[in-house]
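# Examining the three-dimensional arrangement
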Amino acid sequence: MIILTGNNGFIGKAFEKKLDPENLYRVEAGGAFKFLEEYEDWDKVELILHQGAISSTIETDVDKIYKYNVDFSIKLFEKAIEYKIPVKYASSASVYGTTFDMHIENRKHMNPLNFYALSKVTVDYWVQDHINDFELIQGFRYFNVYGEGEDHKGNQASPVQKFTEQIKEDGRLKLFEGSHNFKRDFICVDDIVDIVLDNNKPSGIYDLGTSNPTSFQEVAEIIATKYNGEIEYIPFPDHLQGKYQGYTKAKKEWGNYQFKTVRDYVENHLG
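Quick summary incoming for the structure in this document.

Conventions used here
- Residues numbered from 1 in each chain as written.
- Predicted model: local features only at pLDDT ≥ 70, side-chain atom pairs only at ≥ 80, totals over all residues.
- Heavy atoms only, no water.
- Helix = DSSP H or I, 4+ residues; strand = E, 2+ residues; numbered from the N terminus.
- Expected span 1.5 Å × (residues − 1).
- Buried < 20%, exposed > 50% of the residue type's maximum accessible area, 1.4 Å probe, protein only.
- Contact = heavy atoms within 4.5 Å.
- Polar contact = N/O pair within 3.5 Å; in protein donor to acceptor, adjacent residues only side chain to side chain.
- Phe/Tyr/Trp six-rings, centres within 6.5 Å; stacked < 30°, edge-to-face > 60°.
- Core = buried A, V, L, I, M, F, W, Y, C linked by side-chain atoms within 4.5 Å.
- Axes fitted to C-alpha atoms, helices over the stretch in contact; angles between N-to-C directions.
- Parallel < 35°, antiparallel > 145°, perpendicular 65-115°, else oblique.
- Left-handed = near helix turned anticlockwise from the far one by under 90°.
- Nonpolar A, V, L, I, M, F, W, Y, C, P; charged D, E, K, R; others polar.

With the exception of glycine, the majority of residues adopt a negative phi angle, and the majority of peptide bonds are in the trans configuration. With phi around 55°, Lys 84 is a residue other than glycine that occupies positive phi space. Relative to the assigned elements, Lys 84 resides in the loop between helix H3 (62–83) and strand S4 (87–92). Non-glycine residue Ser 211 carries a positive phi angle of around 70°. Note on placement: Ser 211 falls in the loop between strand S10 (204–208) and strand S11 (214–215).

Here you go:
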């Protein structure tokens, strides 16, 4: 049996599609703590895929974030330790904040800029402190994930999704001025699933991105070209000053894996 948390989320659904439904136990936020109290078949669990979290970067209810992102995660991991169950869980590149440097591969500094990121780094530190107690635990700091199934995410969707929705609606997309300077390590959700489910890394916390950042300008141009639309430049918002990751790049962790590019996804997978 595989326990999958967050199966109704964007990334969780992508995992669910790849797994045998007959060998899957799904856990969502509403029943998370009840699950911990009542589930009895821990000895039959072969893997915990912990993808569930309150993922909004603008959520300000600290108690709620701590309850589901930190407290539940730690209690779930304690069960994994007790029953020697391997764990693969979702962390986030948001833990790095604005400390990225394109010339630094061995990045160690954390600078979470919101409560979501703080919850993720808190769990990562707990895992590092207990890593030798686990049969196996792999944490994955997902970078800027995009792909099929984002349509419900609203303002939390990737630029790929947002730009596509905008240009389909009125023939133009909105882009911050200076977006050629904003580069992110965009990774397709399909690559996330493939690597998490099939790798031979030891216990640890790993960056999961392509290591090849793409500018917002380039993403916008790719989408505008595909749909024969226009780009409308708008001022950079004051409320994002100092709180915006202008550059992200994952450490090279995954050898010769061939990641899907934004261009390939847009040109060959979007309708």
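Note on helix geometry: an α-helix contains 3.6 residues per turn, so any two residues three or four positions apart are oriented the same way. Here helix H4 (residues 115–130) contains 16 residues, and its C-alpha end-to-end distance of 23 Å stays within 8% of the 22 Å for a straight helix at 1.5 Å per residue. Buried within H4 we find Tyr 116, Ala 117, Ser 119, Lys 120, Val 121, Val 123, Asp 124, Trp 126 and Val 127. Contacts made by the buried residues of H4 are with H3, S4, strand S5 (137–142) and S10. Two to three positions downstream of the cap, the backbone nitrogen of Tyr 116 sits 3.3 Å from a side-chain oxygen, assigning the N-cap of H4 to Asn 114.

Tallied over the full model, the rule gives 21 aromatic pairs. Ring centres 5.1 Å apart and planes at 45° place the aromatic pair Phe 35 and Tyr 39 in the tilted group. For the pair formed by Phe 35 and Tyr 39, the shared burial category is buried. For the ring pair Phe 176 and Phe 236, a centre distance of 5.2 Å and an interplane angle of 70° mean the geometry is edge-to-face. Pair noted here: Phe 176 is in strand S7 (residues 172–176) and Phe 236 is in the loop between strand S12 (230–234) and helix H8 (262–269), with a separation of 60 residues, a long-range link. The two residues Phe 176 and Phe 236 agree in class, both being buried. Members of the aromatic cluster, joined through ring pairs, are Tyr 25, Phe 35, Tyr 39, Trp 42 and Tyr 83.

We now examine the side chain of Asp 124. Relative to the helices and strands, Asp 124 resides in helix H4. At a separation of 2.7 Å, a polar atom in the side chain of Asp 124 contacts the side chain of Tyr 89. Dropping the residues within four chain positions of it, Asp 124 is found in contact with Tyr 89, Ser 91, Val 95, Arg 141 and Ile 205.

This part is about the nonpolar core. Ranked by size, the top nonpolar core spans 30 residues in total, and within it Phe 15, Tyr 142, Ile 192 and Leu 208 carry the most contacts. Every element with two or more residues in this core is listed here: strand S1 (2–5), helix H1 (10–18), strand S3 (47–50), S5, helix H6 (189–197) and S10. Tallying contributions element by element places H6 first for this core, with 5 residues. Leaving out residues up to four positions away in the same chain, Leu 208 has contacts with Phe 140, Arg 141, Tyr 142, Phe 143, Ile 187, Ile 192, Ile 195, Val 196, Ala 250 and Trp 254. Within the second largest apolar cluster, 25 residues are counted, among which are Ala 32, Ala 80, Trp 126 and Phe 134.

So, on to the packing of H1 against H6. The axes of two packed helices give the description: the angle between them and the distance between them. Between H1 and H6, the least distance of the axes is 10 Å, while the angle of their chain directions is 60°. Put simply, H1 runs oblique to H6. When the axes of H1 and H6 are compared, the crossing they make is right-handed. Only Val 189, Ile 192, Val 193, Asp 194, Val 196 and Leu 197 of H6 make contact with H1, whose side of the interface consists of Phe 10, Ile 11, Ala 14, Phe 15 and Lys 18. By residue class, the composition of the contact of H1 with H6 is 9 nonpolar, no polar and 2 charged.

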